[in-house]
Amino acid sequence: MKIFDGHTDIMADVVTRRKLGEKNVVKTHHLHKLKKGGVEGANFVLWMDPEASDWEDVKQGITLIHDELRDSPDVFHPIKDMQDFACDKNNDKIDIILGMEGLAAMGPSIERMEWLYEQGVRCASLTWNEANALATGISGDPQRGLTDDGVQVLKTMDKLGILLDVSHLNETSFWEVAGMATKPFMASHSNAYTLCEHPRNLKDEQLLAIKDSGGLVGVNAVADFLHPDQPDIMHFIQQVDYMVELLGIDHVALGFDFCDFLHLDQQKEPEEQHVTTSLETSMDIQNVIEKLAEKGYSHEDMVKLTKENFVRVYRHHLK
């Protein structure tokens, strides 16, 4: 089954490698994994360290991403509007929706938000985990929420047609977003706190608020968000089951957030890394499809989980 992955950080790797002079990074390092996993599209987000990056870094990163797209026209099918989603590609290109994971480097500038839209950005989160000029992530002051500038940026995103991702917001920011939302929003890569009490996961009331907006939640495969000790693919399936029961099939999707290429903990040996057994990279995605089929999910249900729920939500934002 073909998959739309709600969250991948591959573009961070693209930017890092292209700065070192590499070209065709996705072809060389990622395409074989994506193809084996059946990935035909994804939210390809750009993450940059909010404490070490400024606006010039963001502009350079976006430029390098566009260089990558131009160098591999046989690989990518950029999505900027609903016509792009609807067209029959008749090829093996991967749908790419360009996104930003955190807007710390942008600051309160509406003009910079408009520039990102012109560059093809169609989804964004206000923060990563930090508190910034717009909002507060999970590592910030629990009492701090959106700023006045953050409210204006949200209104600009709404006007332009950029889908908001709330995955990293703290609860205060989350509820302020929910209170002012006029269109569906998403948590592209978050899990249920009820099953795994990690601060990145969402409580039932938050999940239901996303449903009430018409939005969706993409279930995350990161080990720490699934189980504190021995996470495996069945913990991922449990998250899917729980959210489908709580929210209904129309509001759940897959946002794997694979980190195998990011080398997040260089001090540990590979065998010591905390990984999700049988769901470590995009090559393992079809294992999820097999498990869902074994649990009795219908083909129609899995089409919604694997792509159509994302298409439905984007329909409220893309021109």
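To start, this report covers the structure provided alongside it. (Residues numbered from 1 in each chain as written. Predicted model: local features only at pLDDT ≥ 70, side-chain atom pairs only at ≥ 80, totals over all residues. Heavy atoms only, no water.)

1. Observations regarding the overall build of the protein
The criterion, for reference: The numbering of helices and of strands both runs from the N terminus, where a helix is a DSSP run of H or I of at least 4 residues and a strand a run of E of at least 2. Restricting the calculation to C-alpha atoms gives the radius of gyration, and the globule rule supplies 2.2 Å times the number of residues raised to the power 0.38. Note on classification: 1.4 Å probe, protein chains only; a residue is buried when its accessible area is under 20% of the maximum for its type, exposed when over 50%, partly exposed between these limits. Here a residue-residue contact requires only that any non-hydrogen atoms of the pair lie within 4.5 Å. Note that accessible areas follow from Shrake-Rupley with a 1.4 Å probe, and for residues the cover is restricted to the protein chains shown.
The helix and strand tally for the protein stands at eleven helices and nine strands. Its C-alpha atoms give the protein a radius of gyration of 18 Å, within 12% of the compact-globule value 20 Å for 319 residues. Its C-alpha atoms give the protein principal-axis dimensions of about 50 × 45 × 45 Å. Each of the 319 residues in the protein was classed as buried or not, and the buried ones make up 55%. Contacts in the protein between residues at least 24 apart in sequence constitute 73% of all its contacts with a sequence separation of at least 6. With the model as given, the accessible surface of the protein reaches about 13700 Å², and the carbon-plus-sulfur share is 47%.

2. Quick notes on the nonpolar core
What counts is decided by this rule: We define a nonpolar core as any set of buried Ala, Val, Leu, Ile, Met, Phe, Trp, Tyr and Cys residues linked to one another through side-chain atoms lying within 4.5 Å.
Core analysis: the largest hydrophobic core is formed by 81 residues, its most contacted members being Leu103, Leu116, Leu126, Phe236 and Phe256. Leucine 116 has contacts with Trp55, Val58, Ile62, Met100, Leu103, Met106 and Val121, leaving out every residue within four places of it along the chain. Counting residues in hydrophobic clusters, the runner-up holds 16 residues, among them Ile79, Ile97, Tyr314 and Leu318.

3. Thoughts on the side chain of histidine 77
Basically, it comes down to this: Two N or O atoms count as a polar contact when they lie within 3.5 Å, although within protein this holds only if one can serve as hydrogen donor and the other as acceptor, and sequence-adjacent residues are included solely when both atoms are side-chain atoms.
Within the secondary structure layout, histidine 77 lies in strand β3 (residues 76-78). At 2.7 Å, the side chain of histidine 77 forms a polar contact with the side chain of aspartate 95.

4. Topic: the sheet that holds strand β9 (residues 252-254)
Counted only if it meets this: By this definition, two strands are paired if DSSP reports at least two bridges between them.
The three strands are arranged β7-β8-β9 in an open sheet whose pairing can be described as parallel. In this open sheet, the two edge strands, each paired with only one partner strand, are β7 (186-187) and β9. Note that β7 and strand β8 (residues 216-219) share two bridges and pair parallel. Looking across to β8, one finds that methionine 186 is bridged to leucine 216.

5. As for the pairing of strand β4 (residues 94-101)
Of all the eight residues making up β4, eight are buried; the element is thus mostly covered by neighbouring parts of the structure. Residues Ile94, Ile96, Leu98 and Met100 point to one face of β4 and Asp95, Ile97, Gly99 and Glu101 to the other, with burial holding for every one of them. In this structure, strand β2 (residues 39-46) lies alongside β4, joined through six bridges in parallel fashion. Of the residues in β4, the one forming a bridge with phenylalanine 44 is leucine 98. As paired strands, β4 and strand β5 (residues 121-125) are joined by four bridges and run parallel to one another.

6. Description of helix α5 (residues 110-118)
Note the cut-off: As used here, the arc belongs to the directions running from the helix axis to the C-beta atoms.
Within α5 the residues assigned to the buried category are Met113, Leu116 and Tyr117. Projection of α5 onto a plane perpendicular to its axis shows the buried side chains occupying an angular sector of 100 degrees, all on one side. Turned more than 90 degrees off the buried face of α5, the exposed positions are Glu111 and Glu118. Looking at the buried positions of α5, the neighbouring elements they touch are α3 (55-71), β4, β5 and α6 (148-160). Its side-chain oxygen at 3.4 Å from the backbone nitrogen of glutamate 111, serine 109 defines the N-terminal cap of α5. Looking one or two residues past α5, glycine 120 carries a phi angle of roughly 105 degrees, positive in sign.

7. Description of the environment of glycine 255
Looking at where glycine 255 falls in the secondary structure, it is placed in the loop between β9 and α10 (285-294). What makes glycine 255 buried here is its relative accessible area of 0%. Ignoring anything within four residues of it in the chain, the contact list for glycine 255 reads Asp5, Gly6, His7, Ser188, His189, Gly218, Val219, Asn220 and Ala221.

8. Comments concerning the state of the cysteines
Inclusion rule: Throughout, disulfides are identified as pairs of cysteine sulfur atoms within 2.5 Å of each other.
Evaluated as defined, the whole model comprises zero disulfides. Free cysteine: cysteine 123, not disulfide-bonded; nearest cysteine sulfur from cysteine 259 at 16 Å. Cysteine cysteine 196 remains unbridged, with the sulfur of cysteine 259 as its closest cysteine sulfur at 15 Å. Overall, cysteine 196 belongs to the buried group, its relative accessible area being 6%.

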